[in-house]
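# Topology and contacts: notes
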Amino acid sequence: MFGNILNRIRKKSEAEESIKIVPVPALVAVLLNKEKEKGSPLTQDEVINIRDGAACIAMPISVIPKLEERRGYADIDPEQAWEQWQEIREELHGNDNS
């Protein structure tokens, strides 16, 4: 009986947890690969189109830090894709101005 109560509580708390739509693979990795493939910086339109076409999954917010830890880095926010891509791309390219 106690196990049934715990299962109901667990299911209820999982159902109430907020979810977030997360690009998989990470958007920053996809953008980096596309830019290397292109051989020149992506345009804003290209970044937005890649973001809009990215495969995504719905994930409980509590799982995201575990995903980032396993992956070794945090992804950029899809809502701020262009701005954050501009900030991180130089670092990812090793400041080689690619």
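Our subject in this report is the structure included herewith. (Residues numbered from 1 in each chain as written. Predicted model: local features only at pLDDT ≥ 70, side-chain atom pairs only at ≥ 80, totals over all residues. Heavy atoms only, no water.)

All chains considered together, the criterion is met by four salt bridges. Its salt-bridge partner being Glu 35, residue Arg 89 comes within 2.6 Å of it at the nearest N-O pair. Taken together, the residues span a long stretch of sequence, with Arg 89 in helix H5 (residues 81-92) and Glu 35 in helix H2 (residues 27-38) at a distance of 54 residues. Take Arg 89: its relative accessible area is 6%, and that puts it in the buried class. For the salt bridge of Lys 38 with Glu 46, the shortest nitrogen-to-oxygen distance reads 2.7 Å. (Salt bridge = Lys/Arg side-chain N within 4 Å of Asp/Glu carboxyl O. Helix = DSSP H or I, 4+ residues; strand = E, 2+ residues; numbered from the N terminus. Buried < 20%, exposed > 50% of the residue type's maximum accessible area, 1.4 Å probe, protein only.)

Attention now moves to the nonpolar core. Judged by nonpolar contacts, Ala 26, Leu 27, Val 28, Leu 31, Leu 32, Leu 42, Val 47, Ile 50, Ile 76, Ala 81 and Trp 85 together constitute the single largest core of eleven residues. Of all the secondary structure elements, the ones that give two or more residues to this core are H2, helix H3 (44-53) and H5. Sorting elements by how many residues they give to this core places H2 first, with four residues. What Ala 26 contacts, discounting residues up to four positions off in sequence, is Arg 71, Tyr 73 and Asp 75. (Core = buried A, V, L, I, M, F, W, Y, C linked by side-chain atoms within 4.5 Å. Contact = heavy atoms within 4.5 Å.)

Turning to the side chain of Asp 75, a few remarks are in order. Of note, Asp 75 is situated in the loop between helix H4 (64-71) and H5. Buried charge without a salt bridge: Asp 75, with Arg 71 as the nearest opposite-charge side chain at an N-O distance of 5.0 Å. A distance of 2.7 Å separates the side chain of Asp 75 from the backbone nitrogen of Leu 27, its partner in a polar contact. Within the local environment of Asp 75, its side chain forms a polar contact with the backbone nitrogen of Val 28, the two atoms lying 2.8 Å apart. For Asp 75, the contacting residues outside a window of four places in its chain are Pro 23, Ala 26, Leu 27, Val 28 and Glu 68. (Lys, Arg positive; Asp, Glu negative; His and termini not counted. Polar contact = N/O pair within 3.5 Å; in protein donor to acceptor, adjacent residues only side chain to side chain.)

Right, let's get into the packing of aromatic side chains. All chains considered together, the criterion is met by zero aromatic pairs. The ring of Tyr 73 carries the charged tip of Arg 71 above its face, separated from the ring centre by 5.0 Å. (Phe/Tyr/Trp six-rings, centres within 6.5 Å; stacked < 30°, edge-to-face > 60°. Lys NZ or Arg CZ within 6 Å of the ring centre and 35° of its normal.)

We now examine the packing of H3 against H5. Two elements in contact, H3 and H5, have axes whose closest approach is 9 Å; the angle formed by their N-to-C orientations is 115°. The orientation of H3 relative to H5 falls into the category roughly perpendicular. Classified by chirality, the crossing of H5 by H3 is right-handed. Side by side, H3 and H5 meet where Gln 44, Val 47, Ile 48 and Arg 51 of the first sit next to Ala 81, Trp 82 and Trp 85 of the second. (Axes fitted to C-alpha atoms, helices over the stretch in contact; angles between N-to-C directions. Parallel < 35°, antiparallel > 145°, perpendicular 65-115°, else oblique. Left-handed = near helix turned anticlockwise from the far one by under 90°.)

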